[in-house]
Amino acid sequence: MSHLFPDAIETDRLLLERLSGGTVDPLAYYRICGLDPAIGDVTRYTPWDPHETPGETLEFLASREGAWNESRSADYVIRPRVDEDEEGTSDIAGTCGLGVDWTKRTGDLGIWLRERFWGRGYSGERADALVTLAFEHLDLEVVSVLVQADNERSLRACDRYVERLGGTRNCRLRNWWTMAVDEPTDAIRYTITRASYDPSSRRSMVSLEASR
């Protein structure tokens with residue numbers, strides 16, 4: 001079926017594949033999102049909690065399929081390419097997405113990674129892919145990123161790739177998120193504009209696969 005979003009995006013080290021019940025085993029995904037020993041550390045700064053049941057995972061996957069079909073969000077499972085993963089399995093490293101506000105012509109980046117895939121530069125490589133999608137394929141004007149203000153690891157990663165891609169750290173949004181915490185949490189907002197973006201700043205090859 002033809003769609004605005006590509007089913008897959010390839011970079012030098014990663015394959016981004018549409019996130020759905022047809023591209024991931026729901027039970028395997030539940031084990032990652034609910035039973036992985038490090039999932040609490042992973043979700044500390046995400047808007048979702050560890051999945052409590054396989055049914056919750058099925059509902060989540062259905063919600064992502066609905067957002068895809070309505071062209072509201074392009075969500076992808078992140079798989080290291082076989083020659084990149086030391087175990088040679090092309091295992092799921094995490095997921096990422098580009099939420100789209102067509103009225104504002106803005107895309108919002110998001111990502112989470114399993115703990116054993118931290119520190120490999122995957123966040124920046126995924127940003128190369130989704131910023132390419134936003135500006136060169138979807139004709140958006142702005143890409144934004146929101147990071148919880150005390151998430152130092154993600155802030156360092158965003159500082160690096162946003163500046164490299166021509167963007168800036170804009171502002172601190174007070175009491176922006178409630179998420180899964182007791183008190184509201186500040187967020188740091190970054191933006192990259194189409195006018196400031198230079199494709200030559202990408203550090204990775206990006207190949208968009210046409211929808212089937």
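The structure under discussion appears in the preceding block.
These notes cover the structure that comes with them.

## As for the nonpolar core
Nonpolar side chains in soluble globular proteins tend to be buried together.
Part 1 of the reasoning: One finds Leu16, Tyr76, Leu98, Leu109 and Leu130 to be the most contacted residues of the largest nonpolar core, which totals 39 residues.
Part 2 of the reasoning: Within the residue set of this core, elements represented by two or more residues are β2 (14–18), β3 (73–80), β4 (94–101), β5 (106–113), α4 (122–137), β6 (142–148), α5 (152–164) and β8 (185–193).
Part 3 of the reasoning: With eight residues, the single largest contributor to this core is α4.
Part 4 of the reasoning: In this structure leucine 109 touches Gly97, Leu98, Arg126, Ala127, Leu130, Val131, Val143, Ser144, Val145 and Tyr161, once residues within four positions along its chain are discounted.
Part 5 of the reasoning: Formed by twelve residues, the second largest nonpolar core is a distinct cluster that contains Leu19, Val24, Trp48 and Ile92.

## Structural notes on the packing of helix α1 (residues 26–35) against helix α3 (residues 54–69)
Part 1 of the reasoning: As a packed pair, α1 and α3 sit with axes 9 Å apart at the nearest point and diverge in direction by 105°. In this view, α1 runs roughly perpendicular relative to α3, as classed from their interaxial angle. Along the contact surface, α1 presents Pro26, Leu27, Tyr29 and Tyr30, while α3 presents Pro54, Thr57, Leu58, Phe60 and Leu61.
Part 2 of the reasoning: The residue inventory of the contact of α1 with α3, partitioned by class, reads eight nonpolar, one polar and no charged.

## Overview of the environment of aspartate 91
Part 1 of the reasoning: For aspartate 91, the location among the structural elements is in the loop between β3 and β4.
Part 2 of the reasoning: You can call aspartate 91 partly exposed: its relative accessible area is 24%.
Part 3 of the reasoning: Distance from aspartate 91 to proline 80, taken between C-alpha atoms, is 6.7 Å for residues eleven residues apart in sequence.
Part 4 of the reasoning: Of note is the side chain of aspartate 91, whose polar atom sits 2.9 Å from the side chain of arginine 116.

Conventions we followed
- Residues numbered from 1 in each chain as written.
- Predicted model: local features only at pLDDT ≥ 70, side-chain atom pairs only at ≥ 80, totals over all residues.
- Heavy atoms only, no water.
- Core = buried A, V, L, I, M, F, W, Y, C linked by side-chain atoms within 4.5 Å.
- Buried < 20%, exposed > 50% of the residue type's maximum accessible area, 1.4 Å probe, protein only.
- Helix = DSSP H or I, 4+ residues; strand = E, 2+ residues; numbered from the N terminus.
- Contact = heavy atoms within 4.5 Å.
- Axes fitted to C-alpha atoms, helices over the stretch in contact; angles between N-to-C directions.
- Parallel < 35°, antiparallel > 145°, perpendicular 65-115°, else oblique.
- Nonpolar A, V, L, I, M, F, W, Y, C, P; charged D, E, K, R; others polar.
- Polar contact = N/O pair within 3.5 Å; in protein donor to acceptor, adjacent residues only side chain to side chain.

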